[in-house]
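What the coordinates show
Each chain, letter by letter, is given below.
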Amino acid sequence: RVARDQEVPCRRVLSRRPMGKMSGSGSERQASDAANNMQLQTFQNAANRDGEFVELASYAPELTSRIWDISDGRLVNGMWARMGVNDPGFEPFGGTVHEFQLALEEELALDYEEEPGAQFLRNLREQERYRDTNGSSSKTAPVTALYGGSLPGVTRPVWVMKDHKGEEHEFGSEDDAVLFQKKQSALMSRKQAKKAKATAMSVAAKLLAGKTTSKDDGEGVDDEGTAKAKKKGKDGDDLKGSVEPPSSAARPPMAFDSIASITVAACRRDYEGTDTELKRRLRDVIDGNVSSEITKKRMFLRSQVQDALQVFAQVIEDEDAVTVCNFVNCLVMQPVVGKHADLRDVKTTEDRYKQMEAKIFDKRVISFELLRDEPVCMLGMAIKQQRPLKPRVVIVVERSIMENVLRALTSPEAQKSGGLRNLYPAAGWVVVPDGTDMALAKVNFQIALARVLKRHALGVSCGGGLNVLSQMCQAAIWDVPMMVLHGSGRVSDIWMKLWPRRTSADFDAVVVHAQLQSCAGYSIEMQSTHNVREVLKKGNLMLHSISANTNAFERLFRIELKGDQLITTALRRLHSYEVTIRVYSKYKRPLATFALMVSLFATLASVFVSNLDTFGHSQSTGRIWAGMILRWIAVVAPAVLVVLNSIENFVNLNNMLIIAERASAKVESLLNVYRMRALQYSDAYIDKERDAQLETERLRKEAAKQKAERAKKSSSSDSSDDDDDDDDDGGAASFFEADDMDQETGDIVTVRQAKLAEILEGVNKDFSEAGGMLF
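Digging into the packing of aromatic side chains
What the rule picks out here adds up to 10 aromatic pairs. The side chain of lysine 279 reaches across the aromatic face of phenylalanine 361, ending 5.5 Å from its centre. One Lys or Arg, arginine 502, reaches over the ring of tryptophan 499 and ends 3.7 Å from the middle of that ring.

This is the structure in structure tokens:
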């Protein structure tokens, strides 16, 4: 172990050439390097006036080789350079794939003394290089990541609002609840205006028919009703045209809140509230003013998500994968508290409040204990359970968070609770500047690390909002395959309808925007639909419902990482047909040539035997033997031809060769179509085929629904107006009414494989029944 007072290797300020070959003479290169170094030195001198860059390893020398701090790195004129200070005044660090990849390639080539923090990345690179040289290794070692968000009703607060029909709707943010309330108010105004207009029209019709007893009263009612209808109709049109922004005066009540959701809000930098508001929420939860009990439905959601992430962790362990995480800025296992650390015996609600306040707000160090129900933390704990000592996990974190954690863990009061042993046992930490978009930084570093290690990248989407959508869009652009956990909530629930029909249905931005709002919240803007378009156009998604068997989820991982085994079987069958064609071709030509030569000799022998007298009447011994040989050839050659013809008819080389060539061509074409997922193997075709199988049941349900609607319309004339308004308001919600009728990717893959296996078996059966033999 390194002593606390040991001198930590100091990083040298770097300047590197751009990637690629340098042209020109040595003097030109030296002049170019001198100019670049002079320019960088000018930048560094200007930056160092504001203060000296402090090494994070100085807080914990034991972690010198595991903390890669690139918060002072920048791209200057296309070159990766260390400025020696975290100053965003120069070209800021954007956390792009190019920046991460350039930084990795530049600094992994340095020695330990020059850049000690990147040593864990050098170790990963050497391990993967050894894996490439070892041909017996069967592990794919992908670079994985979880694109996850909070679960509503578990680690995210919930607001419940009722519509005009009395049905409850859940929302994950207060803004969405207020917008829904405004929308319902506008809808009720339109309905009241429509009913008033209908009443006025009915009164006018009665007056015209002469069914009223008092003309003056009728006219008064008509005038009054018409005026009210016009006024209400005008108000309704005004409300329909514009939805007012949520106001803080009428705040909807919160239906669910928990300590975990408060902790998540305290971790996120994009949270718009203050600590005072979070402490008020914590007080309400402790005092029982807000329900913090997880419902059975949400408990089922949490259990299913946790089960799926356990499968993901098992695949990570089996394939020896590298996982890139940020754990919502959660880096320690147990809470690190200060003045309330000795608060063991909690008797009153005030003691409980002080304890939770200290764990969340005292040191600003969030632990896995508080966020054990957060999906990314679930995955982290599952990976740690699979490999307790040092899992292959790389954590991307902001510098201020990492510095705060190291200060808290190395303080004297934290030594009682384990000190640095309380830190999550990751392979290493990648420290980026403060203010970096961590959602994109994580996926970009995953892609860059996969490119440097020459490994596949793989992502899993679970719940989430706009951050998860941006991560999925970035992964789709860089051709990273993704698994989507359908049913985990919010953005992850829109793909079950969109993905199978991406090639058969046109992309309607308005409809997709309505779907996003229905799943992820009304506050999502229209421009977010572009990310959905990019995922549908460039992405590679595999859908899995969390309510389905997790064995199917594991099988999807195996198919994605190791390939489709049915394709391997089809390739072996294709190879067998090709070998059969070569064998048949090998014996067909010599046999045909031999038969041709025998027939030629037989013909010549017959001609010479029948014309021996024309060559003279010599009775020499040679002439006698020649005539005898020709007679035997004329007699034996036809017999040999009969034998050869019998052999050819028995083996049937011509037909077998044609059958084998046809079978080979058919298997090859089927394999190409299967790989391209076209024709009968496409997602849209399989989805339509399944819809056709369920057509009878759907027609029966539709007939029953129409019958009920006709009965409802006949009972009340006003019901039809309500139904029209409901259709206008709930068009997006009806889009997700039949999720149970949709197919996940596991079902589609199973059907696709069954189709190919059935056709391959049919081709093999036809070949066998035709008398062919595979070699």
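The discussion continues.
A look at the packing of helix 12 (residues 438-453) against helix 13 (residues 466-477)
Helix 13 packs onto helix 12 with a crossing angle of 25° between their chain directions and a minimal axis gap of 9 Å. It follows from the interaxial angle that helix 12 and helix 13 lie roughly parallel. The chirality of how helix 12 crosses helix 13 is right-handed. In this structure, helix 12 contributes Ala439, Leu440, Lys442, Val443, Asn444 and Ile447 to the contact, and helix 13 contributes Asn467, Ser470, Gln471, Gln474 and Ala475. Its residues placed into classes, the contact of helix 12 with helix 13 shows 5 nonpolar, 5 polar and 1 charged.

Examining the pattern of salt bridges
Following the criterion strictly, the structure yields 27 salt bridges and no others. Salt-bridge contacts for arginine 281 lead to aspartate 257; the nearest nitrogen and oxygen are separated by 2.9 Å. Here arginine 281, found in helix 7 (residues 275-287), pairs with aspartate 257, found in the loop between helix 5 (215-241) and helix 6 (259-267); they are 24 residues apart in sequence, far enough to count as distant. Judged by its relative accessible area of 1%, aspartate 257 is buried. One continuous salt-bridge network, built from bridges that share partners, spans Glu128, Arg131, Asp132, Glu317, Asp320, Arg387, Arg392 and Arg455.

Details of the nonpolar core
Buried together is how nonpolar side chains tend to be arranged in soluble globular proteins. In terms of nonpolar packing, the biggest core is built from 70 residues, with Leu331, Met402, Leu406, Tyr424 and Trp429 touching the most fellow members. Beyond its immediate chain neighbours, meaning those up to four positions away, tyrosine 424 contacts Phe327, Leu331, Val332, Met333, Phe368, Gly380, Ile383, Lys384, Pro391, Val393, Ile395 and Trp429.

A word on the sheet that holds strand 14 (residues 541-545)
Read from one edge to the other, the open sheet built from 8 strands follows the order 1-11-10-7-4-12-13-14, with strand pairing classed as parallel. On the outer flanks of this sheet lie strand 1 (67-69) and strand 14, each paired with one strand and no other. Direction aside, the axes of adjacent strands within the sheet are offset by 20° on average.

Description of the environment of isoleucine 395
Within the fold, isoleucine 395 resides in strand 10 (residues 393-398). Each C-alpha atom, one on isoleucine 395 and one on alanine 427, is 8.3 Å from the other, the two residues being 32 residues apart in sequence. When residues no more than four places from it in sequence are discounted, the contact partners of isoleucine 395 are Cys325, Asn326, Phe327, Leu331, Tyr424, Ala426, Gly428, Trp429 and Val430.

Definitions and limits used
Residues numbered from 1 in each chain as written. Predicted model: local features only at pLDDT ≥ 70, side-chain atom pairs only at ≥ 80, totals over all residues. Heavy atoms only, no water. Phe/Tyr/Trp six-rings, centres within 6.5 Å; stacked < 30°, edge-to-face > 60°. Lys NZ or Arg CZ within 6 Å of the ring centre and 35° of its normal. Axes fitted to C-alpha atoms, helices over the stretch in contact; angles between N-to-C directions. Helix = DSSP H or I, 4+ residues; strand = E, 2+ residues; numbered from the N terminus. Parallel < 35°, antiparallel > 145°, perpendicular 65-115°, else oblique. Left-handed = near helix turned anticlockwise from the far one by under 90°. Contact = heavy atoms within 4.5 Å. Nonpolar A, V, L, I, M, F, W, Y, C, P; charged D, E, K, R; others polar. Salt bridge = Lys/Arg side-chain N within 4 Å of Asp/Glu carboxyl O. Buried < 20%, exposed > 50% of the residue type's maximum accessible area, 1.4 Å probe, protein only. Core = buried A, V, L, I, M, F, W, Y, C linked by side-chain atoms within 4.5 Å. Pairing = 2+ DSSP bridges.

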